Amino acid sequence: AAAAERSKTVVVLSPVSDLRPVSQLMEPVGDLGDVLKEICDEGGYTFVDTRDAVTPEMFCADGLHPNSQGSLAIWKCIKETLGL
């Protein structure tokens, strides 16, 4: 709500899954994305679903951060959703 008050557009990205055997997230990425989408729908915010954009070969060796291919895949989701 605070961001919406200061901005004309609020864009929310879903988290991407990571490759770590035990994720540090308290909820599965899919569930978090569903909740974020619901909040965006209710608040009139733009939701960018990146959950399936990054495939396993698109991660750095740490299994957490997207590599350049993964970052490009996320950008393509943003670009498509925003019609850029």
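This structure is a prediction, so every number in the text was calculated from the model and none was measured. Sequence positions are assigned chain by chain, starting from 1 and proceeding in written order. Where local features are concerned, this predicted model is filtered to residues with pLDDT of at least 70; where side-chain atom pairs are given and counted, the filter is 80 or more; whole-chain, interface and lining totals use all residues. The basis for the side-chain values is all heavy atoms of the structure; hydrogens and waters are excluded.

## Focus on the pattern of salt bridges
- By definition here, a salt bridge exists when the distance from a side-chain nitrogen of Lys or Arg to a carboxyl oxygen of Asp or Glu is within 4 Å. Inspection of every chain in the model, using the stated rule, returns three salt bridges.
- For the salt bridge of R51 with D34, the shortest nitrogen-to-oxygen distance reads 2.9 Å. Pair noted here: R51 is in the loop between β2 (46–48) and α3 (68–82) and D34 is in helix α2 (residues 29–43), with a separation of 17 residues, a long-range link.
- A salt bridge links K37 to D41, with the nearest nitrogen and oxygen atoms 3.1 Å apart. Residue K37 and its partner D41 are both found in helix α2; the two are separated by four residues, about one turn of the helix. Numbering of helices and strands runs from the N terminus; a helix is a DSSP stretch of H or I covering at least four residues, while a strand is a stretch of E covering at least two.

## Quick word on the nonpolar core
- V16, V48, A53, V54, M58, F59, A73, I74, C77 and I78 together form the largest nonpolar core, which totals ten residues.
- Tallying contributions element by element places α3 first for this core, with four residues.
- In this description, contact between two residues means that some pair of their heavy atoms is separated by no more than 4.5 Å. Excluding anything up to four places from it in sequence, C77 contacts V48, D49, T50 and A53. Only buried residues count toward a nonpolar core. Its members are Ala, Val, Leu, Ile, Met, Phe, Trp, Tyr and Cys residues joined through side-chain atoms within 4.5 Å. Between buried and exposed lies partly exposed: a residue is buried under 20% and exposed over 50% of the maximum accessible area for its type, with that area taken using a 1.4 Å probe on protein chains only.

## Section: the environment of V48
- By the element assignment, V48 lies in strand β2.
- Judged by its relative accessible area of 0%, V48 is buried.
- Once the C-alpha coordinates of V48 and P15 are considered, the two residues, 33 residues apart in sequence, prove to be 9.6 Å apart.
- With residues up to four places along the chain from it excluded, the contact list for V48 reads V11, V12, L13, S14, C77, I78 and T81.

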